[in-house]
Amino acid sequence: LQGQAVLSGWAAVIEQAVIDGDGWVFGRAVVSGRASVAGHAQVFGDATVTAGAVVDGHAWIHGHATITGQAWVSGRAQVGGHALVCGTASISGSLRVGGHAVIGDGAEISRPTDVETHRLSWGEYVTLYRCDDGAVGLGRSENNHGPVTLGRTHLPDGRLTARVEELTDLWSAPSAAGV
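Presented here is an overview of the structure given in this document.

Cut-offs used in this document
Residues numbered from 1 in each chain as written. Predicted model: local features only at pLDDT ≥ 70, side-chain atom pairs only at ≥ 80, totals over all residues. Heavy atoms only, no water. Core = buried A, V, L, I, M, F, W, Y, C linked by side-chain atoms within 4.5 Å. Buried < 20%, exposed > 50% of the residue type's maximum accessible area, 1.4 Å probe, protein only. Contact = heavy atoms within 4.5 Å. Phe/Tyr/Trp six-rings, centres within 6.5 Å; stacked < 30°, edge-to-face > 60°. Helix = DSSP H or I, 4+ residues; strand = E, 2+ residues; numbered from the N terminus. Lys NZ or Arg CZ within 6 Å of the ring centre and 35° of its normal.

**Looking at the nonpolar core**
By size, the foremost hydrophobic cluster in this structure holds 36 residues, and its most contacted members are I61, I67, V73, V79, I91 and I103. For I103, the residues in contact, after removing those within four places along its chain, are L84, V85, C86, A89, I91, V97, I109, V115, T127 and Y129. Residues L128, V136, L167 and W171 belong to the second largest nonpolar core, which totals 11 residues.

**Brief notes about the packing of aromatic side chains**
How two aromatic rings sit relative to each other is given by the distance of their centres and the angle of their planes. Inspection of every chain in the model, using the stated rule, returns 3 aromatic pairs. Aromatic pair F26 and F44: ring centres 4.9 Å apart, planes at 5 degrees, arrangement stacked. Taken together, the residues span a long stretch of sequence, with F26 in the loop between β4 (24-25) and β5 (30-31) and F44 in the loop between β7 (42-43) and β8 (48-49) at a distance of 18 residues. In this structure F44 comes out as buried when scored by relative accessible area, which is 18%. Each ring, one from F44 and one from W60, has its centre 5.7 Å from the other, and the planes form 75 degrees; the classification is edge-to-face. Of this pair, F44 sits in the loop between β7 and β8 while W60 sits in strand β10 (residues 60-61); the two residues are 16 residues apart in sequence, bridging distant segments of the chain. Since its relative accessible area comes to 32%, W60 is described here as partly exposed. Clustering of aromatic rings is evident, with ring pairs tying together W24, F26, F44 and W60. Just above the ring of W10 sits the side chain of R28; from NZ or CZ to the centre is 4.8 Å.

Shape descriptors only; they carry no functional weight alone.
In structure tokens:
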């Protein structure tokens with residue numbers, strides 16, 4: 001613990017993890033590995049921040065959400081539910097991510113329209129998300145996420161293929177990048 005950070009309840013900060021600034025970890029939350037919670041960020045409920053993940057700014061991580069890998073959650077972002085943010089994902093701004101979302105490698109999420117979760121006919125959830133280069137990422141699990149290469153990435157549903165094509169056009173357009 002550094003700065004004015006607070007650890008309370010049954011929460012745990014273990015290994016080389018750090019809570020700094022005005023960070024607050026409470027409930028049954030766990031911060032482990034080389035993870036960092038800083039600024040005014042809060043991690044609570046049964047949430048987990050692990051590996052080399054960073055949560056800062058005014059971000060909230062709650063519910064059963066997991067932030068892992070080299071993921072970065074900042075600004076006023078709120079990640080909850082059973083969401084998984086992993087790999088090299090970056091989430092910032094004032095938005096909420098929840099449910100069964102899986103956001104991974106290449107993700108650059110700054111607006112609510114940068115992420116969509118779809119439930120496939122057999123019950124599996126997949127997440128389509130905007131990548132830093134305007135490409136579309138596909139998240140299925142902690143080990144299965146990253147940018148989609150149409151024609152090379154197997155998509156489990158024809159409707160999903162059509163949506164990936166639509167989002168590719170939308171997100172790769174100059175106006176989508178703020179140019």
